[in-house]
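Residues per chain, in single letters:
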Amino acid sequence: MTQHWRETPTCFACEGETLVGVLSEPAAGAGPGSLGVVIVVGGPQYRAGAHRMFVDLARALAAAGHVALRFDVRGMGDSTGEPVGFERQSAEIEAAVGELRHRCPMLGGVVLWGLCDGASSALLHLQARAATVQGLCLANPWVRTEALQARTQVRHYYVQRLLQPAFWRKLLAGGVGLAALAGLRDNVRRSAGGAGSADRPYVQRMLDGLRSHRGPVLLLQSGNDYTAREFDELLRSDAGWRAAMAAPQVRRVDVPGADHTFSNDGAMGLMIGATLDWLVSWHQRSTLRSDRPLEVSA
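Residues take numbers from 1 onward in each chain, read along the sequence in its written order. In keeping with the model being predicted, local features are shown solely for residues with a pLDDT of at least 70 and side-chain atom pairs are shown and tallied solely at 80 or more, while totals for entire chains, interfaces and linings include all residues. To get the side-chain values, all heavy atoms of the structure are used, and hydrogens and water are removed first.

**Re the overall build of the chain**
Next, step 1: Under the DSSP-based scheme used, a helix requires at least four consecutive residues in state H or I and a strand at least two consecutive residues in state E, with every element numbered from the N terminus. Counting secondary structure elements, the chain contains 10 helices and 8 strands.
Next, step 2: Residue burial is assigned from relative accessible area. The probe radius is 1.4 Å, only protein chains are included, and a residue is buried under 20% of its type maximum, exposed over 50%, and partly exposed in between. Residues classed as buried in the chain amount to 51% of the 298 residues present.
Next, step 3: Two residues qualify as a contact provided that any one of their heavy atoms is within 4.5 Å of a heavy atom in the partner residue. In the chain, 75% of the contacts between residues at least 6 apart in sequence involve partners at least 24 apart.
Next, step 4: Accessible areas in this description were obtained via Shrake-Rupley with a 1.4 Å probe; residue shielding takes into account the shown protein chains only. When the accessible surface of the chain is summed, it comes to about 13100 Å², and 54% of that surface belongs to carbon and sulfur atoms.

**Examining the pairing of strand β4 (residues 67-71)**
Next, step 1: Among the 5 residues in β4, 5 count as buried, and that is most of the element.
Next, step 2: Alternating positions in β4 separate into two faces, Val67, Leu69 and Phe71 on one and Ala68 and Arg70 on the other, with burial throughout.
Next, step 3: Between any two strands, at least two bridges found by DSSP are needed for them to pair. In this structure, strand β2 (residues 17-26) lies alongside β4, joined through 4 bridges in antiparallel fashion. Looking at the pairing, Leu23 lines up with Leu69 of β4.
Next, step 4: Pairing geometry for strand β3 (residues 35-40) and β4, over 4 bridges, is parallel. For Ile39, the partnering residue across the bridge sits in β4 and is Arg70.
Next, step 5: When the strands point away from the viewer and the path from the first strand over the helix to the second turns clockwise, the crossover is right-handed. In this fold, β3 hands off to helix α1 (residues 53-63), which returns the chain to β4; that crossover is right-handed.

**Focus: the side chain of Arg47**
Next, step 1: Residue placement: Arg47 occurs in the loop between β3 and α1.
Next, step 2: Polar contacts here mean pairs of N or O atoms no more than 3.5 Å apart (in protein, one a potential hydrogen donor and the other a potential acceptor; neighbouring residues in sequence count only if both atoms are side-chain atoms). Here Asp78 takes part through its side chain, which lies 3.0 Å from a polar atom of the side chain of Arg47.
Next, step 3: Discounting residues that sit within four places of it in the chain, Arg47 has contacts with Val20, Gly21, Val22, Val41, Phe54, Arg70, Phe71, Asp72 and Asp78.

**Thoughts on helix α2 (residues 90-103)**
Next, step 1: Helix span, expected: 1.5 Å multiplied by one less than the number of residues in the helix. Under the 1.5 Å per step criterion, the end-to-end length of α2 is 20 Å for 14 residues, consistent within 8% with the ideal 20 Å.
Next, step 2: Residues of α2 that are buried include every one of Ser90, Ala91, Glu92, Ile93, Ala95, Ala96, Val97, Glu99 and Leu100, and no others.
Next, step 3: Tucked into the core, α2 has its buried residues touching β1 (5-14), β2, β3, β4, β5 (109-115) and α3 (117-128).

**Brief notes about the nonpolar core**
Next, step 1: In this structure, Val38, Leu100, Leu112, Leu136, Phe231, Trp241 and Met245 are the most contacted members of the largest nonpolar core, which totals 45 residues.
Next, step 2: Apart from residues no more than four positions distant in its own chain, Leu112 is found in contact with Val38, Val40, Ile93, Val97, Ala122, His125, Val133, Gly135, Leu136 and Cys137.
Next, step 3: By nonpolar core we mean a set of buried residues, namely Ala, Val, Leu, Ile, Met, Phe, Trp, Tyr and Cys, connected to one another through side-chain atoms within 4.5 Å. Formed by 30 residues, the second largest nonpolar core is a distinct cluster that contains Met53, Val111, Leu218 and Leu220.

**Considerations on the packing of aromatic side chains**
Next, step 1: Any pair of Phe, Tyr and Trp rings, taking the six-membered ring for Trp, is counted once the centres come within 6.5 Å. Such a pair is stacked with planes under 30 degrees apart, edge-to-face with planes over 60 apart, and tilted for the rest. On inspection of all chains with the given rule, the structure shows 4 aromatic pairs.
Next, step 2: When the ring of Phe86 is compared with that of Tyr202, the centres are 5.3 Å apart and the planes differ by 80°; the resulting orientation is edge-to-face. Of this pair, Phe86 sits in the loop between β4 and α2 while Tyr202 is found in helix α7 (residues 200-212), placing the two residues 116 residues apart along the sequence.
Next, step 3: Take Phe86: its relative accessible area is 18%, and that puts it in the buried class.
Next, step 4: For Tyr202, a relative accessible area of 5% puts it in the buried group.

**Some points on the environment of Pro32**
Next, step 1: Relative to the helices and strands, Pro32 is located in the loop between β2 and β3.
Next, step 2: Given a relative accessible area of 68%, Pro32 falls into the exposed group.
Next, step 3: Taking the C-alpha atoms as reference points, Pro32 and Leu107, 75 residues apart in sequence, are found 6.0 Å from one another.

**Points about the pattern of salt bridges**
Pairs can form between side chains of opposite charge whenever their charged atoms are close.
Next, step 1: Each salt bridge in this description consists of a side-chain nitrogen of Lys or Arg and a carboxyl oxygen of Asp or Glu lying within 4 Å of one another. For the structure shown, the criterion picks out 15 salt bridges.
Next, step 2: Salt-bridge contacts for Glu25 lead to Arg6; the nearest nitrogen and oxygen are separated by 3.7 Å. Of this pair, Glu25 sits in strand β2 while Arg6 sits in strand β1, and the two are 19 residues apart along the sequence.
Next, step 3: For Glu25, a relative accessible area of 10% translates into the label buried.
Next, step 4: For Asp78, the salt bridge goes to Arg47, with nearest N and O atoms at 3.0 Å. Here the residue Asp78 occupies a position in the loop between β4 and α2, and Arg47 occupies one in the loop between β3 and α1, the gap between them amounting to 31 residues.
Next, step 5: With relative accessibility at 48%, the residue Asp78 sits in the partly exposed group.

As structure tokens, then:
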């Protein structure tokens, strides 16, 4: 069977450490104007991703004529150094973008594709260095705060439990229903907290990064994922985020039934297909550069 992509291992420097990655290219090489995609790994995992999802994504991108670089952040996989956490990975992303442009100097633009706190890292990177990339793909962005988590649990867990006959049978029998009601009470109290919770600043910086971005954005939301529901809760409760995600440069695609990492074949295919379709439409509209930033309200 003909292979429509080729892969090359690569190493590049980041603040005195060495990052290890894999470059995926079309079998015939990338042509002028091709898009490059830096895959920002989320969570404590290495460049292959859960169930090799980033391998499949990178190879699909390359087979479609794009270039993709997936890499290990500091302290993960084969890269050296100590982990710095998703809030401080801008230097690693910048190094990966530089490596991609060095390897493929004819690229028409660079996209950051991030999952979970990889998506959060991508937005935080733009908050610090907005001009380095032209597009964003954000899959199930991580925006957890204590109040937001509590509101999501009330809406998507406890309300459903209260509608289940089995819950009331356990409650009347003195079973676990009492503990569930106590949990509901505690979450309602926590959900009353607002934007002033201690970990709110990183979410605000993510919004600042989104507002500074001048190119197109793809939001991928899994239908069966708690992290995705927390992001939806943020949109419901925060006018600034709601306005930013409603901007004309933003496209949202929901993948029904998908878990956090799009682990089943159907969900993986839909996620990759949505990414490729977005890249094609981007090229067709010739919007690698936008004349103005996202129009959002405070």
